[in-house]
Amino acid sequence: MMMTEIAACFHCGQPVAASAGWSVNIEGVERAMCCPGCAAVAQTIVDIGQASYYRERNGFAAPGDAGAVAALVPAALALPEDDPNIISDGDARETTLLVEGIRCAACVWLIEHRLHQVDGVQQANLNVATEKLFIRWHKDKTTAAAVLEAVRSIGYNAWPYDTTRHDAQLQKASRTLGRQLFVAGLSMMQVMMYVAPEYMAGDDGTLDPGMASLMRWASLLLTLPAIAYSAQPFLKGAWSSLKARVPGMDVPVALGIMAAFIGSAVSTFRGYGEVYYDSLTMFIFLLLASRYLEMAARRKAASALSRLRHGVPEMAQRLAAWPDLRDAATVPASTLAAGDHIVVKGGEAVAADCVVVEGSTAVDLSLLTGESAPQRKVVGDAIPGGAVNAGSPVVLRVEKPARESTLAGLLKLIERAGSAKPQIAQWADRTGSWFVAALLLFAAASFGFWTWHDAARAWPVAIAVLVVSCPCALSLATPSALAAATDRLLGKGALVVQPHVLETLHRATHIVFDKTGTLTEGRPAVQSVDAIDGARIIGILRVAAGLEAGSAHPIARAIAAAADAHGAGAAGATGLQELAGQGMEGMVNGVRYRLGTAAYVAGIAGSPLAPSVQAAAGAAPMTTVWLGMHGRWLGRFLISDALRPDALRTVEFFQRLGKEVVLLSGDQQALADSVAGQLGIREAIGDCLPDEKLAYVQALQAHGGVVAMVGDGINDAAVLSAADVSFAMGSGAILAQVHADCVLLDARLPLLADTARSAGKTMRVIRQNLAWATLYNIVAIPAAAFGVLNPWLSGVGMAASSAIVVLNALRLRRS
């Protein structure tokens, strides 16, 4: 006899009856529930992103009921102040949240406005394209829980940002909007069928009163689904605005819809008067179509970011006992640690930053740099996390955990992106805020005038004024264009971290370049090593390599490579002290040495160099690095760095745009002049310490200059921060250290020119969008107020206005 196994409730552990049909999808698996209470609690826990509760719990929960739901939900939603998603910055706290329920730019404006009403909130910026809300608040004035409650009080939900949740949220919103659009379209077509006989009757003929009444009642019933279901985004948005006591952009739309419906219903019940069922259903359909297009644009705008996030593999094949055993075990990528060995097959992504220890292959770095050509990697070569193996299987040694990989660092930079708004977007938001209030007053005034002048036309004119206005087009004009442009640039390898990059670069007057690693390849090589006063070259190389052993500067790597080439190695150095822009000091075998500029080394070597030595050092356009000890000069390194092949084209591009190009370098003036001469740069300033670079940029700004600074992202941190807009030639290990507004991921100068071209196109599109939205409202609203536009034409115009703005912005993704 077979025993029937009784299933247990996944939530509380109680037996599940055979007739029970409740279940919840938890982490991809359908789990049986014993009652609707447990199902409700479990679904809520999943919805708020706390499904890990079921993996980490020590026992079953109490059977679900309404009390359990009420107890569990606030605990899960309350974001504690020690949550890892919250970043501390002195007395300030900041975090990035994912907002659920965003329908259009009106939602963005409403949420930001509500949060700025919370005492202690210092910054609140919601990106309509990515649905990310950046919040910064004073820890002593408010809490994260209060911020979340403020968002929920106006009808939205917010959670700590999670990629999986965001993807699911977009898909759910798209499906819901698609169904609403379908219902609205079906209602519109059916209503049109019933009003067609009245239109076709013409001026001479009239419908039988009974037939006309039947048509109106049928139209009313067919309009109800559009009002009750399809119009929900506008009605809910308006209700949220009114609850927050803020006249949001959905308010005039909702008022227009309800005024048209109520007026039509009253006329239907009375048996006489105008009805607007056809205009109403058409308006809802067209406006939903416009919002569906806007949502599709948002998803496209986030496509490059989505590709990056999905580039991180969740699992890896770890070789626990390599090289003795080659058995691979599948483990979560998050568990990899430095020193682990993994095997990566062709077509698989690398889970962490690694070094090849066996085999050779070609890797695709396009996800990280935008460069499509595969790169050859052999034993000893580094491969960044996120690269894709495009060749043979290789064994790799993990250098950093997955959370510290190059791709993880890039994603952290992306999380910073979109956390603020450029000035032009702030202007559009401010304009949109007073626009709605002014519109409502104007609609009321129009209704009052027509009530006095021609009462029969007062109602349709007021509806037309409310419906025809398009504040959403005004608010969409800037973010839609910026989202499309930044997505395209990211796909090409330029990560726009700060929102003002395109706007500021477009109006920049000065483009200031650093030399090493920016206009040059950044791979300098030691051309000669000269001993002074009887010193031995091997000894000079050992000491110099020891002093530079911990530095990532290109010149330090060149000296270390020269020491290795001569078989000198690096001496052990202690007490290292670096003076930015001048050199390094340290102890080797109890003796203090200095390596760097002549002036810096002279501080310890004392006696001046012989004139013949100084003349030889300045004869060639090379970087000269000196080594000395107390009372003695020991050696000189002549180092050169080839120009980037695209440096000349980039400089000429900006000069053609009428911008002043400046070379600002810490190298000797003669070397700076040599590079400037080859590139046609009129102004070159050498021998600049970091504080002198900073002073030069600030001087340009004091005279009205708008400065774009291009540097390596590390040594130029101060001047990059001071510039109006800054670009870092980012790559691999330095990504997390970059302090620039934009990062050129594969360190190619043509990306800078591409960014400048995109800046020009983006600003043109933004101006076109703003001009169109402004002109449309200036013409359409008075036309509606004077009775020239009836409600259905107003609905067409409003929907078309938003669609034109979004479609115009999407051109930037292809240009």
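About the criteria used
Residues numbered from 1 in each chain as written. Predicted model: local features only at pLDDT ≥ 70, side-chain atom pairs only at ≥ 80, totals over all residues. Heavy atoms only, no water. Helix = DSSP H or I, 4+ residues; strand = E, 2+ residues; numbered from the N terminus. Buried < 20%, exposed > 50% of the residue type's maximum accessible area, 1.4 Å probe, protein only. Contact = heavy atoms within 4.5 Å. Areas by Shrake-Rupley, 256 points an atom, 1.4 Å probe, with all protein chains shown as cover. Pairing = 2+ DSSP bridges. Axes fitted to C-alpha atoms, helices over the stretch in contact; angles between N-to-C directions. Salt bridge = Lys/Arg side-chain N within 4 Å of Asp/Glu carboxyl O. Core = buried A, V, L, I, M, F, W, Y, C linked by side-chain atoms within 4.5 Å. Parallel < 35°, antiparallel > 145°, perpendicular 65-115°, else oblique. Nonpolar A, V, L, I, M, F, W, Y, C, P; charged D, E, K, R; others polar. Left-handed = near helix turned anticlockwise from the far one by under 90°. Phe/Tyr/Trp six-rings, centres within 6.5 Å; stacked < 30°, edge-to-face > 60°. pLDDT = per-residue confidence, 0-100.

A. Representation of the overall build of the chain. Along its length, the chain carries 28 helices and 29 strands. The burial tally for the chain puts 51% of its 815 residues in the buried class. Nonlocal contacts in the chain, meaning residues at least 24 apart in sequence, comprise 69% of its contacts between residues at least 6 apart. Element-wise, carbon and sulfur atoms account for 58% of the exposed surface of the chain, whose accessible area totals about 35600 Å².

B. Focus on the sheet that holds strand β25 (residues 660-664). Judged by pairing direction, the sheet is mixed, and its seven strands sit side by side in the order β17-β29-β28-β27-β18-β25-β26 without closing on themselves. Single-partner strands in this sheet number two, and they are β17 (494-496) and β26 (683-685). When the angles between neighbouring strand axes are averaged without regard to direction, this sheet yields 20°. Across the face of the sheet, helix α23 (residues 647-656) comes into contact with β18 (510-513) and β25 while running at roughly 160° to β18. Packed onto the sheet, helix α24 (residues 669-679) meets β25 and β26 and runs at close to 155° relative to β26.

C. Focus on the environment of L720. Summarising the element assignment, L720 is placed in helix α26 (residues 717-722). The class for L720 is buried, based on a relative accessible area of 1%.

D. Region of interest: the pattern of salt bridges. Counted by the stated rule, this structure contains 10 salt bridges. Put simply, E94 and R136 hold a salt bridge, and the shortest N to O gap is 2.5 Å. Remark: R136 occurs in strand β6 (residues 132-138) and E94 occurs in strand β4 (residues 92-100); sequence separation between them is 42 residues. Residue classification places E94 among the buried positions, given a relative accessible area of 17%. One salt bridge in this structure joins K139 and D140, with 3.0 Å as the shortest N-O distance. What makes D140 exposed here is its relative accessible area of 57%. If you follow the salt bridges from partner to partner, you end up with E585, R592 and R594 in one network.

E. Structural view of the nonpolar core. Membership of the largest hydrophobic core comes to 47 residues, with the highest contact counts inside it found for F513, L519 and F727. With nine residues, the single largest contributor to this core is helix α27 (residues 750-785). Listed in part, the 42 residues of the second largest apolar core include V275, Y276, Y277 and V461.

F. Looking closely at the packing of helix α15 (residues 455-468) against α27. At a minimum axis distance of 8 Å, the contact between α15 and α27 shows a crossing angle of 170°. Here α15 lies roughly antiparallel to α27, going by the angle between them. Where α15 approaches α27, its residues V461, A464, V465 and V468 are matched on the opposing element by Y776, A780, I781, A784 and A785. By residue class, the composition of the contact of α15 with α27 is nine nonpolar, no polar and no charged.

G. Examining the pairing of strand β23 (residues 623-629) more closely. For β23, a buried count of six out of seven residues is recorded, marking the element as mostly surrounded by other parts of the structure. One ladder, built from four bridges, connects strand β22 (residues 591-596) with β23; its direction is antiparallel. Residue pairing across strands places Y593 opposite M629, the latter belonging to β23. In this sheet, strand β24 (residues 632-640) lies alongside β23 in antiparallel orientation, the contact comprising seven bridges. Along β24, the bridge assignment pairs G628 with W633. From the end of β23 to the start of β24, which pair antiparallel, there are two residues, and G631 there has a positive phi angle of about 75°.

H. The arrangement of the packing of helix α7 (residues 209-230) against helix α9 (residues 250-270) in detail. Closest axis-to-axis distance for the α7/α9 pair is 10 Å, and the angle between their directions is 155°. In terms of orientation, α7 lies roughly antiparallel with respect to α9. Pair α7 / α9 crosses with left-handed handedness. For the pair formed by α7 and α9, the contact residues are R216, W217, L220, T223, L224 and I227 on the first element and I257, F261, A265, S267, T268 and F269 on the second.

I. Representation of the packing of aromatic side chains within the structure. Here the structure, examined in full by the defined rule, presents six aromatic pairs. Taking the centre distance of 5.8 Å and the plane angle of 55° together, the rings of F449 and W452 count as tilted. Placement of the pair is F449 and W452 together in helix α14 (residues 423-453), with a separation of three residues, close to one helical turn. For F449, a relative accessible area of 42% puts it in the partly exposed group. Taking the centre distance of 5.2 Å and the plane angle of 80° together, the rings of F653 and F654 count as edge-to-face.

J. Layout of the sheet that holds strand β16 (residues 394-398). A sheet is described by the order of its strands in space; here six strands give the open sequence β9-β8-β10-β16-β11-β14, paired in antiparallel fashion. Each having just a single partner strand, β9 (328-332) and β14 (382-383) make up the two edges of the open sheet. Bridging between strand β11 (residues 354-358) and β16 involves four bridges; their strand directions are antiparallel. Within β16, the position partnered with V356 by the bridge is L396.

K. Local environment of the confidence of the model for the chain. On average, residues of the chain carry a pLDDT of 77, and 77% of them reach 70 or more. Here helix α3 (residues 66-77) is the element of the chain with the lowest mean pLDDT, 40, and β18 is the one with the highest, 92. Note on residues 64-77: pLDDT under 50 across the span, and 23 contacts to partners over four residues away in sequence or across chains. Across residues 732-737, confidence stays below pLDDT 50; counting only partners more than four residues off in sequence or on other chains, it has 12 contacts.

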